[in-house]
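Structural description and commentary
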Amino acid sequence: MTISASFKRRLKYYDLDLSFTCATNKMMVMIGPSGGGKTTIIRMLAGLETPDEGKVIFGDEVWFDSARRINVTPQKRRLGYVFQDYNLFPHLNLLDNAAFAAVDKGEVDVLFDLFKIDHLRKRKPHMVSGGERQRCAMCQALARHPRLLLLDEPFSALDVITRRGLREELKSLKGTLSCPIIYVTHDINEALFLADEILPVVEGKNDDGWMQRTITREPGEGTTAKGAREPRLSLVY
Amino acid sequence: MDYLALYVTLKLAFFTTVFLMVIAAPIAYLLAYYRFPGKSLLEALVYLPMALPPTVIGFYLIIVMSPKGFVGHAWGSLTGGSLLFTFLGITIASIIYSIPFAVQPMKAAFSKIDRRLLENAYVLGLSKRATFLRVIIPNSVAGIAAAAVLVFLHSIGAFGVLLMVGGSIPGETKVASIAIYEAVETMNYSAAGLIALSFIPISYVFLLLINKLNKDSLA
């Protein structure tokens, strides 16, 4: 299945206008400075926000079409969406969180083994570390058998070492998932490591030159994007 | 001691609390999560019983619940009975009298829940109703319990509104606060004192409970 989307939406400081496609088994990384509209795009894909104009087509299903007034609810899109740090329900333990919308509850055990959090199944989210919470959030999303996986800076609230570990796990997991994956980050290092395709988004538009400009910019020349500092950091670890 | 009056009071407080929790939850949900024209008008209307003298509420309830009033008339043609001077009548009065005390803490508890949690539930396939039952309610337990305790206490203390709608029929509408009033009227101070004294531990324990719940919900 392939997801293809085109969006237009007026935002407060700029107009969002862009289109892209992403095929099954591919990971498209959406990268760009904070406030550039990446999360809005993800939310529109999930059906949590509505574009002014545009289309979202998944395989042969139309999820959104402004001209035909089609707008499939988030519930019916059956996708996985991992946020930075808000997936888990505080009143449930990790196991119940992951099983919350599981197609097959037995599968959660397999996922917990895979993500190495099996020993934490009875803990509540506030009793485990940020990295463990994000692992559980991944389990929660995957247990639903998503047709499309949306990852919105899932590891960016974590420390560098944990982030690297999870990033590598995600990369090795990628081959086993049969759905398109869209990954949002502002970290160039992460983008280069994970991506099959890269979509730089700056002020709501596709800007292919953004990464090149960010990397080659001399230190001290204007504001240095966070992403540009990261490759140097990575030499340490 | 007038145990019967105490029993009616506790029975009334119990039923008021149970029914009001069910009635107030959707109202609180509406006020916490939706924007619609006239919302502030509706909200003020829900809180109005808090701002009105109990006798004013009682007066209007007599008007609508009397056999000529539209509620009393409908009830009469349905069952042949009357609402005024019955336990059901004072339960309705008590519910209306306590609505603000149920809606306000529940609304506060619902509003505190992170929106993104609800969005995640939608993405995971839960309808709005299922999200309400499986995410919002379990994450507002402390607020809902605080609302229940407040309503319970408030209905134990009701007096004017009940006297107007229910009068003082022993075992039916004569609650403890009315029994105290009548005992004092007949100069029977020892009887009044005993019932009055029995209120203090009940109310004190419930207030301690509210404080604990408030602390828990902040933690």
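Summary of the structure given here. All values derive from a computational prediction rather than experimental measurement.

1. A look at the overall build of chain B
- Of regular secondary structure, chain B possesses eleven helices and zero strands.
- When its helices and strands are written in sequence order, chain B yields α-α-α-α-α-α-α-α-α-α-α.
- Over its C-alpha atoms, taken along the principal directions, chain B stretches across nearly 65 × 45 × 30 Å.
- Taking all 219 residues of chain B together, the buried fraction comes to 38%.

2. Digging into the overall build of chain A
- Counting its secondary structure elements, chain A contains nine helices and eleven strands.
- Structurally, chain A occupies a C-alpha span of about 50 × 50 × 30 Å along its principal axes.
- For chain A, the share of sequence-separated contacts (at least 6 apart) that also reach a separation of at least 24 residues comes to 72%.

3. Considering the environment of Phe 14 of chain B
Residue and element names in this part refer to chain B.
- For Phe 14, the position within the fold is in helix H1 (residues 3-33).
- For Phe 14, a count of 13 C-beta atoms within 10 Å translates into the label partly exposed.
- Considered as a pair, Phe 14 and Ala 148 are 134 residues apart in the sequence and their alpha carbons are 9.5 Å apart.

4. Side note on the interface of chain B and chain A
- At the interface, 14 residues of chain B touch 16 residues of chain A.
- A per-element tally of the side of chain B that touches chain A places helix H6 (residues 115-123) of chain B first, with six residues.
- The residue inventory of the side of chain B that touches chain A, partitioned by class, reads seven nonpolar, four polar and three charged.

5. Notes on the sheet that holds strand E10 (residues 197-202) of chain A
Residue and element names in this part refer to chain A.
- Pairing within the open sheet is mixed, and its six strands lie in the order E7-E8-E9-E3-E10-E11. Strands with a single pairing partner mark the edges of an open sheet, and in this sheet they are strand E7 (80-82) and strand E11 (205-206).
- For E7 and strand E8 (residues 149-152), the ladder comprises three bridges, and the chain directions are parallel. Looking across to E8, one finds that Val 82 is bridged to Leu 151.

6. Points about the sheet that holds strand E6 (residues 70-71) of chain A
- Here we have five strands laid out as an open sheet, ordered E2-E1-E4-E5-E6 (chain A), and antiparallel in their pairing. The two strands at the open ends of the sheet, each matched to only one other strand, are strand E2 (15-23) and E6 of chain A.

7. Description of unusual backbone geometry
All names here are of chain B.
- With a phi close to 60 degrees, Phe 85 is a non-glycine residue in the positive phi region.
- By secondary structure assignment, the location of Phe 85 is in the loop between helix H4 (70-79) and helix H5 (87-112).
- Here the phi dihedral of Met 187 falls at roughly 60 degrees; this positive angle occurs in a residue that is not glycine.
- Structurally, Met 187 is set in the loop between helix H10 (176-185) and helix H11 (189-218).

Cut-offs used in this document
- Along each chain, numbering runs from 1 in the same order as the chain's sequence is written.
- To label them, take the chains in the order written and letter them from A, then take the ligands in the order written and number them from 1.
- pLDDT decides what is reported in this predicted model: residues at 70 or higher carry local features, side-chain atom pairs at 80 or more are listed and counted, and totals for whole chains, interfaces and linings draw on all residues regardless.
- Under the DSSP-based scheme used, a helix requires at least four consecutive residues in state H or I and a strand at least two consecutive residues in state E, with every element numbered from the N terminus.
- Between the buried cut of 20 or more and the exposed cut of 12 or fewer other C-beta atoms within 10 Å of a residue's own C-beta lies the partly exposed class, and all C-beta atoms are placed from the backbone.
- Our contact criterion uses C-beta atoms placed from the backbone: two residues qualify when those atoms are within 7 Å.
- Three residue categories are used. Nonpolar comprises Ala, Val, Leu, Ile, Met, Phe, Trp, Tyr, Cys and Pro, charged comprises Asp, Glu, Lys and Arg, and polar comprises the others, including Gly.
- Only when DSSP finds a minimum of two bridges between them are two strands counted as paired.

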